[in-house]
Amino acid sequence: MEERLLALLRLAVKYSATDIHFEMKYYEVTIDMRIDGTFHRVKSKIGDDKLIRYLQYLANLDIGNLLEPQTGQFEMEVDNKLLSLRFAVINNVNSTNGVLRILNSDNNINVDNLSNITEQNEYFKSILNERNGLIIFSGPTGSGKTTTLYSLLKSVSNKKIYTLEDPIEVFNDNFVQIQINEATNLDYEEGIKQILRHDPDIVMIGEIRDTKAAKMAVAAANTGHLVLTTIHASHASSVISRMCELGVNESHLYEVLLCLSNQEMMIKTDNSKQVVYEIMDKDEILYFRKNNITSDNFLSVDKQIKEGIANGIFK
């Protein structure tokens, strides 16, 4: 099983896959890799049904527990590169579904290479000089939100950076990284409380998924700290409604917002990858608050993609 898993991981690393999906029905297994947000089928082999159980073992999951969804992490060395991996498994009446996420596959991206628009890269770096406020990155799964977040944090020097994550996706010795652990009552609320006692310059919350995380992100920014986080939303402007749906007071949110960004991962005609960003700075956020629409100066992801395709930049 180890050789089969190593072969799949080599393939995933080669093509910069973010996830490997396994689905088993009546001992027949299908395997798909998510590459640039799109699924690609991998040819199955005899014995792949045992691979899911092997992954459960490596992730220290309860193999005998078929009723509850489970998630665990482990590390594996692939061609002299240590990969941090997370395996999640869920069972239903006729199938077993597992997802193996490669957590640190994009750890070498530089902030200056995030966007093909230099002004966007410079803007991202400039807002990290702010002393307080809330910066939220959004986009679909596989769009590179976590990569953007870590690339920006790695560009910062001489500041104390604390992260609160579930799970930790990219390990970095320059940050103090704390993993959420509900079993020990270390949730987002308690984690933020503990972090703020250490006088951080920047707080990173890995992803906002629930009310507690959303409210704590706003609260931390409101106490004079710079907070960066991510959320799933279709456009930069829709982040505001998404946060409000999670119970955040709209007025309090607007008071701390510095930047809203949405991104998509695109494939260029030379087969390289390029992230496309739309950015709402403080002026754009203020305009949206007054008019409930974006201004004529706002450069949307959709517009940039259409222009890129028309100009032969994107496929």
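Only a predicted model underlies this, so the values are computations on that prediction, with no experimental measurement involved.

Student: Can you walk me through helix α10 (residues 301-310) in this structure?
Tutor: Quick reminder: α-helices carry 3.6 residues per turn. Residues three or four places apart thus point the same way. For α10, the set of buried residues is Val 301, Gln 304, Ile 305 and Gly 308. For α10, the arc enclosing every buried residue in end-on projection is 100°, short of the 170-degree limit, so these residues lie on one face. Residues of α10 that are exposed and point over 90 degrees away from its buried face: Lys 306 and Ala 310. Buried residues along α10 sit against α3 (118-127), β12 (257-267) and β13 (273-280). Once α10 finishes, Gly 312 follows within two positions and takes phi at roughly 75°, a positive value.

Student: Just checking my understanding: could you explain the sheet that holds strand β10 (residues 202-205) for this structure?
Tutor: Backbone hydrogen bonds are what pair the strands of a sheet, in a parallel or an antiparallel way. The strand order across the open sheet formed by seven strands is β9-β8-β10-β11-β7-β12-β13, and the pairing between neighbours is mixed. Where the open sheet ends on each side, the last strands, each with one partner, are β9 (176-179) and β13. If you compare each strand with its neighbour and ignore which way they point, the axes differ by 20° on average. Sheet analysis places β12 next to β13, joined by eight bridges and oriented antiparallel. Bridging from a neighbouring strand, Gln 263 pairs with Tyr 277 of β13.

Rules behind the numbers
- Residues numbered from 1 in each chain as written.
- Predicted model: local features only at pLDDT ≥ 70, side-chain atom pairs only at ≥ 80, totals over all residues.
- Heavy atoms only, no water.
- Buried < 20%, exposed > 50% of the residue type's maximum accessible area, 1.4 Å probe, protein only.
- Helix = DSSP H or I, 4+ residues; strand = E, 2+ residues; numbered from the N terminus.
- Arc of directions from axis to C-beta.
- Contact = heavy atoms within 4.5 Å.
- Pairing = 2+ DSSP bridges.
- Axes fitted to C-alpha atoms, helices over the stretch in contact; angles between N-to-C directions.

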